[in-house]
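# Descriptive analysis of the structure
Spelled out, the chains give:
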Amino acid sequence: QAMPATSVVNYAPETKANSQIVALSADGKLKFWSFSLAPTSVSPVQVLIDVTGYISAVSDFTATTPTTVVETRPVYTPVGLPAGPLTQETVYPLALDTSVVPANATAVVLNVTVVQPTNFGHIRVYPDTNGLGTTTPPVMSNVNFIPGRDIPNMVIVQLPPDRTIDFYTVYGGSGHTDLKVDLIGYIAGHVT
């Protein structure tokens, strides 16, 4: 296909993550293109692509009215996780029962916003596959952040049998961040 006129990641001199759903060609391929005002000899761009899953043709996506499922800031009404900033290298489990996500949902679509982080770092969002809230975090990040900036990203997470997803934050040193997560949709059907 011809290259579209829209972007999927707008970057500055910092590490930036973004989620994207991309239709594959008939032979299973995709293309990506980077544009910068400076030539790559002056301003090289490194790209890392993590395939976090796929949606089959028989799956259905349903958009929902945004519903806050995590709010850690005490000045608002905390929900979902303990009130207060997340500390690094701690697994925070979140159960999404059928009052929030229908029983036929196999994955959720979230808007994950890191709020006022105190250091450089990233957050990982992933299924709680062992049912204990202690599943080992994957090595890929969902949101990369810098101190003092609120940064959102869309995240699609498969729902395991216990309907629990985990959040895990890593910093370049010490630090903490608040977190706001809104459920914006779900997928029913086969998701891997």
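First things first, this report covers the structure right here in the doc. None of these values were measured; they are calculated from a predicted model.

With that out of the way, let us pick up the overall build of the protein. For the protein, the helix and strand inventory stands at zero helices and nine strands. Its helices and strands taken in sequence order, the protein reads β-β-β-β-β-β-β-β-β from the N to the C terminus. For 192 residues, the compact-globule estimate of 2.2 N^0.38 gives 16 Å, and the protein sits close to it at 17 Å. Taking the principal axes of its C-alpha atoms as reference, the protein extends roughly 50 × 45 × 30 Å. Every one of the 192 residues in the protein was classed for burial, and the buried ones make up 35%.

Per the stated rule, a full pass over the model turns up three salt bridges. Of the charged contacts in the structure, one is a salt bridge between Lys180 and Asp182, with a shortest N-O distance of 2.8 Å. Judged by relative accessible area, which is 21%, Lys180 ranks as partly exposed.

A few words on the nonpolar core. Judged by nonpolar contacts, the single largest core of 28 residues is most densely connected at Leu110, Ile165, Phe167 and Leu179. Sorting the residues of this core by element identifies strand 1 (60-71), strand 3 (91-95), strand 4 (105-115), strand 5 (121-127), strand 6 (143-145), strand 7 (151-158), strand 8 (164-171) and strand 9 (176-188) as the ones contributing at least two each. For this core, the element with the highest residue contribution is strand 4, accounting for five residues. Setting aside residues no more than four positions away along its own chain, Leu110 makes contact with Val125, Asn153, Met154, Val155, Val157, Ile165, Val181, Asp182, Leu183 and Ile184.

Now for the pairing of strand 8. Counted residue by residue, strand 8 has eight buried out of eight residues, so it is predominantly covered. Neither face of strand 8 is open: one carries Thr164, Asp166, Tyr168 and Val170, the other Ile165, Phe167, Thr169 and Tyr171, and all of them are buried. Two elements, strand 3 and strand 8, share five bridges in a ladder whose sense is antiparallel. The residue of strand 8 that forms the bridge with Val91 is Tyr168.

Spatial strand order, 3-8-5-6: four strands in an open sheet with antiparallel pairing. Here the strands that pair on one side only, and so sit at the sheet edges, are strand 3 and strand 6. The mean angle between the axes of side-by-side strands here comes to 20 degrees, regardless of whether they run parallel or antiparallel.

Among the 11 residues of strand 4, nine are classified as buried, and the element is accordingly described as predominantly covered. Bridge count for strand 4 against strand 9 is 10 bridges, and the pairing is antiparallel. The residue bridging Ala105 from the neighbouring strand is Ala188, located in strand 9. In the sheet, strand 4 pairs with strand 7 via eight bridges, with the strands oriented antiparallel. Residue pairing across strands places Val109 opposite Ile156, the latter belonging to strand 7.

Attention now goes to the side chain of Asn144. The topology assignment puts Asn144 in strand 6. The class for Asn144 is buried, based on a relative accessible area of 13%. Excluding residues that lie within four positions of it along the chain, Asn144 makes contacts with Thr15, Lys16, Ala17, Gly121, His122 and Ile151.

Overall, the coordinates contain one aromatic pair when judged by the stated rule. Geometrically, the ring pair formed by Phe145 and Tyr171 is edge-to-face, given 5.5 Å between the ring centres and 65 degrees between the ring planes. With Phe145 in strand 6 and Tyr171 in strand 8, this residue pair connects regions lying 26 residues apart in the sequence. An identical accessibility class is assigned to Phe145 and Tyr171; each is buried.

Backbone geometry at Glu89 places phi at a positive 55 degrees, although glycine is not the residue there. In this structure, Glu89 sits in the loop between strand 2 (86-87) and strand 3. The backbone of Gln116 shows a phi angle near 50 degrees, a positive value even though the residue is not glycine. The residue Gln116 is located in the loop between strand 4 and strand 5 in this model.

Conventions we followed
Residues numbered from 1 in each chain as written. Predicted model: local features only at pLDDT ≥ 70, side-chain atom pairs only at ≥ 80, totals over all residues. Heavy atoms only, no water. Helix = DSSP H or I, 4+ residues; strand = E, 2+ residues; numbered from the N terminus. Rg over C-alpha atoms; globule rule 2.2 N^0.38 Å. Buried < 20%, exposed > 50% of the residue type's maximum accessible area, 1.4 Å probe, protein only. Salt bridge = Lys/Arg side-chain N within 4 Å of Asp/Glu carboxyl O. Core = buried A, V, L, I, M, F, W, Y, C linked by side-chain atoms within 4.5 Å. Contact = heavy atoms within 4.5 Å. Pairing = 2+ DSSP bridges. Axes fitted to C-alpha atoms, helices over the stretch in contact; angles between N-to-C directions. Phe/Tyr/Trp six-rings, centres within 6.5 Å; stacked < 30°, edge-to-face > 60°.

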